[in-house]
Amino acid sequence: RVREARAARGIEAAARFPALTTSGSATKAKVGDLPTNELYATGFDAAWEIDIFGGVSRRIEASTADMQASIESLRGVQVSLVAEIALNYVEVRSFQNRIRVAKANIEAQQKTLEVVTDRFDLQLTNSLEVEQAKSNLAGSRAQIPPLQSGLQQAMNRLAVLTGKKPGALNVFLQDASSVPMAPPEIAIGIPADLIRRRPDIRA
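Residue indices begin from 1 for each chain and proceed along its sequence in written order. Under the rules for a predicted model, residues below a pLDDT of 70 receive no local features and side-chain atom pairs below 80 are neither given nor counted, while totals for whole chains, interfaces and linings still include all residues. Hydrogens and water are ignored here; the side-chain numbers use all heavy atoms of the structure.

1. Some thoughts on the overall build of the protein chain
By definition, any uninterrupted DSSP run of H or I lasting at least four residues is a helix, any uninterrupted run of E lasting at least two residues is a strand, and each is numbered from the N terminus. Within the protein chain one finds 7 helices and 2 strands. Helices (α) and strands (β) of the protein chain occur, in sequence order from the N terminus, as α-β-β-α-α-α-α-α-α. Here the globule rule reads 2.2 Å times residues to the power 0.38, and the radius of gyration is calculated from C-alpha atoms. For the protein chain, whose C-alpha radius of gyration is 37 Å, the value lies well above the compact-globule estimate of 17 Å for 203 residues. On the principal axes, the C-alpha backbone points of the protein chain span a range of 130 × 65 × 25 Å. Think of it in three bands: residues with accessible area under 20% of the maximum for their type are buried, residues over 50% are exposed, and the middle band is partly exposed, with areas taken using a 1.4 Å probe on protein chains only. Expressed as a percentage of its 203 residues, the buried residues of the protein chain come to 19%. We call two residues contacting when some pair of their heavy atoms lies within 4.5 Å. Counting only contacts in the protein chain whose residues sit at least 6 apart along the sequence, the fraction spanning at least 24 positions is 65%. When the accessible surface of the protein chain is split by element, carbon and sulfur atoms take 59% of a total near 15,400 Å². For the protein chain, the separation between the mean place of its 25 positive charges and that of its 22 negative charges on side chains is 2 Å. Each accessible area is a Shrake-Rupley estimate made with a 1.4 Å probe; only the visible protein chains count as cover when residues are assessed. In this count, Lys and Arg are taken as positive residues and Asp and Glu as negative ones, while His and the chain termini are left out. Here the site of a charge means NZ on Lys, CZ on Arg, CG on Asp, or CD on Glu.

Printed below as a string of structure tokens:
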């Protein structure tokens, strides 16, 4: 759309200059035994509309404004794209941390089940505690597949947003990392400065 707007402005700006046209033709005729007649013709024409009332200038200004609005719309799309990339990156790291916590809980609950089972074998507890420990462990294990599925989906979205095939970034993101923290303060200036930087308002 930006390229289209630039081309449209170029067309409007061309109205300031003369329009030149040329033409040419050639004919050959032969009648009976008479010699062949050849006729050649060329033409040249130039037209120039003088912008007395400023119509051409106004059209160029309007086309320039349309082009600038298209550029700001492009910047708005870029802002949205960067925001989506950041959001999905945070989701990737969040899923990885949740999976790590879930696996740590599974290990702790596995040890708890072993302790409760040993106590049951020594008749120091009843079977209800053993079944409860087994239920807790099974519930924690059931949390892992949905988290892994969510992690893979977030990685795929991140790859698509960066112009790559799904799964292309898995190698770079497979090592878990902490969720990036935003700075405590962001220098955005006064509200009027923020409004002036908004692409939609600039458009």
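2. Remarks on the side chain of N88
Turning to its location among the elements, N88 is positioned in helix α2 (residues 55–121). The class for N88 is buried, based on a relative accessible area of 3%. Aside from chain neighbours lying at most four places away, what touches N88 is A154, R157, L158 and L161.

3. Section: the packing of α2 against helix α4 (residues 144–161)
What describes two packed helices is the angle between their axes and the distance between those same axes. Here the axes come from fitting lines to C-alpha atoms, over the contacting stretch only for helices, and the angles between their N-to-C directions go from 0 to 180 degrees. Taken N-terminus to C-terminus, the directions of α2 and α4 make an angle of 160°; their axes are 9 Å apart at the nearest point. Taken together, the axes of α2 and α4 are roughly antiparallel relative to one another. Crossing handedness for the pair α2 and α4: left-handed. When residues are grouped by polarity, Ala, Val, Leu, Ile, Met, Phe, Trp, Tyr, Cys and Pro land in nonpolar, Asp, Glu, Lys and Arg in charged, and all others, Gly among them, in polar. Residues belonging to the contact of α2 with α4 are distributed by class as follows: 15 nonpolar, 4 polar and 5 charged. Under this scheme an angle from 65 to 115 degrees is roughly perpendicular, one under 35 degrees roughly parallel, and one over 145 degrees roughly antiparallel; angles in between are oblique. It is the rotation of the near helix from the far one that decides the hand of a crossing: anticlockwise by less than a right angle makes it left-handed, clockwise makes it right-handed.

4. Focus on α2
Expected helix span is given by 1.5 Å per residue-to-residue step, counting one fewer step than there are residues. Helix length check: α2, at 67 residues, gives a terminal C-alpha distance of 98 Å against a target of 99 Å (1.5 Å per residue), a fit within 8%. Q123, located one to two residues past α2, shows a positive phi value of around 60°.

5. Regarding unusual backbone geometry
One non-glycine residue, Q123, lies in the positive phi region at around 60°. If you trace the backbone, Q123 turns up in the loop between α2 and α3 (127–142). With relative accessibility at 72%, the residue Q123 sits in the exposed group.

6. Examining a nonpolar patch on the surface
Where nonpolar side chains cluster on the molecular surface, the patch consists of I50, I52 and F53 and spans about 450 Å² of accessible area. With respect to the element layout, F53 can be found in the loop between β2 (37–47) and α2. On the accessibility criterion, F53 (83% relative accessible area) is exposed. Note on patches: the residues involved have over 30% relative accessible area and no salt bridge, like charges join within 9 Å, and the nonpolar side chains Val, Leu, Ile, Met, Phe, Trp and Tyr join within 5 Å. We define a salt bridge as a contact between a side-chain nitrogen of Lys or Arg and a carboxyl oxygen of Asp or Glu at a distance within 4 Å.

7. Structural notes on the nonpolar core
Membership of the largest hydrophobic core comes to 19 residues, with the highest contact counts inside it found for V92, L151 and L173. Secondary-structure elements contributing two or more residues to this core are α2, α3 and α4. Sequence-distant contacts of L173, that is, excluding residues within four places in its chain, are made with Y89, V92, R93, Q96, M155 and L158. Definition of nonpolar core: a set of buried residues of the types Ala, Val, Leu, Ile, Met, Phe, Trp, Tyr and Cys, connected through side-chain atoms within 4.5 Å.

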